[in-house]
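# Survey of secondary and tertiary structure
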Amino acid sequence: MKHKEQFYRLAYSYVHNQDDALDIVQDSVQKAIRAKTLKDETAIKSWFYKIVVNTSLDFLRRRQKMTVVDEFTMQQNLGSHMDHYEDIDLQHALNELSPDYRSVVVLRYFEDLKIEEVADVLGLNVNTVKTRLYKALKILKIQLEVENQGERVE
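Throughout what follows, the structure given in this document is the object of discussion. These numbers were taken from a predicted model, which means no experiment stands behind them.

Moving on: the packing of aromatic side chains. Inspection of every chain in the model, using the stated rule, returns 3 aromatic pairs. Ring centres of Phe7 and Phe48 lie 4.6 Å apart, and the angle between their planes is 70 degrees; this geometry places the pair in the edge-to-face category. One end of the pair, Phe7, is in helix α1 (residues 4-15); the other, Phe48, is in helix α3 (residues 44-63), with 41 residues separating them in the sequence. With relative accessibility at 9%, the residue Phe7 sits in the buried group. Residue Phe48 is classed as buried on the basis of its relative accessible area, which comes to 9%. By way of ring pairs, the aromatic residues Phe7, Phe48 and Tyr49 are connected into one cluster. A cation over a ring is seen here: Arg108 above Tyr109, with NZ or CZ 5.5 Å from the ring centre.

Pasting the structure below:
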């Protein structure tokens, strides 16, 4: 319970919808309660991160054909009274990454997990995480430079 906001943020980083993120966290809690796979109680946080990531990816696979309107478009059409100052270019570039690369970046930089924890959550070798992180950052840099050059031309 003390990490519930982090788990919600992680789910939200995948689905970009508050209700869906809450559903994913709730489903993850149910899966964790039913699971009998936790062997080391000191690793409960990374174990639950893994459940949230997998539940989010499952949700995205099921929803892939059903996406009608994204969260940004919906917010624009609702005419919200709150201003949202988020880095839209970065969010767009992250969304363009494959799930393998996005997961590593989100867990490392947005959830502030150590490389070893990211490897544990994703069930990967530490060197694989480092490689994916390096490549993802390189792709993000290129995408952001291209977007920024496009803004200067316009």
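Moving on to a nonpolar patch on the surface. Together, Tyr109, Phe110 and Leu137 give the surface a local cluster of nonpolar side chains, amounting to about 290 Å² of exposed area. Structurally, Leu137 can be placed in helix α8 (residues 126-153). For Leu137, a relative accessible area of 35% translates into the label partly exposed.

A few words now on the side chain of Glu111. The residue Glu111 is located in the loop between α6 (99-110) and α7 (115-122) in this model. Residue Glu111 is classed as buried on the basis of its relative accessible area of 4%. Engagement of the side chain of Glu111 in a polar contact is seen with the backbone nitrogen of Leu10, the distance being 3.4 Å. Side-chain polar atoms of Glu111 contact the side chain of Tyr49, separated by 3.4 Å. Contact partners of Glu111, with chain neighbours within four places excluded, come to Gln6, Arg9, Leu10, Tyr49 and Val106.

In terms of nonpolar packing, the biggest core is built from 35 residues, with Leu10 and Leu107 touching the most fellow members. When contributions to this core are tallied by element, the ones reaching two or more residues are α1, α2 (18-34), α3, α5 (88-96), α6, α7 and α8. At 9 residues, the largest contribution of residues to this core is made by α3. When near neighbours in sequence (up to four residues on either side) are disregarded, Leu10 contacts Tyr49, Val52, Val53, Val106, Leu107 and Glu111.

Let's shift gears to the packing of α3 against α7. The N-to-C vectors of α3 and α7 enclose an angle of 55 degrees; their axes lie 8 Å apart at closest approach. Classified by the angle their axes make, α3 and α7 are oblique. In the packing of α3 onto α7, the handedness of the crossing is right-handed. Contact residues: α3 offers Ser46, Tyr49, Lys50 and Val53, while α7 offers Asp120, Val121 and Leu122. Looking at the contact of α3 with α7 residue by residue, the class counts come to 4 nonpolar, 1 polar and 2 charged.

Definitions and limits used
Residues numbered from 1 in each chain as written. Predicted model: local features only at pLDDT ≥ 70, side-chain atom pairs only at ≥ 80, totals over all residues. Heavy atoms only, no water. Phe/Tyr/Trp six-rings, centres within 6.5 Å; stacked < 30°, edge-to-face > 60°. Helix = DSSP H or I, 4+ residues; strand = E, 2+ residues; numbered from the N terminus. Buried < 20%, exposed > 50% of the residue type's maximum accessible area, 1.4 Å probe, protein only. Lys NZ or Arg CZ within 6 Å of the ring centre and 35° of its normal. Patch = residues over 30% accessible without salt bridge, like charges linked within 9 Å, V, L, I, M, F, W, Y side chains within 5 Å. Areas by Shrake-Rupley, 256 points an atom, 1.4 Å probe, with all protein chains shown as cover. Salt bridge = Lys/Arg side-chain N within 4 Å of Asp/Glu carboxyl O. Polar contact = N/O pair within 3.5 Å; in protein donor to acceptor, adjacent residues only side chain to side chain. Contact = heavy atoms within 4.5 Å. Core = buried A, V, L, I, M, F, W, Y, C linked by side-chain atoms within 4.5 Å. Axes fitted to C-alpha atoms, helices over the stretch in contact; angles between N-to-C directions. Parallel < 35°, antiparallel > 145°, perpendicular 65-115°, else oblique. Left-handed = near helix turned anticlockwise from the far one by under 90°. Nonpolar A, V, L, I, M, F, W, Y, C, P; charged D, E, K, R; others polar.

The values are spatial; any link to function lies outside them.
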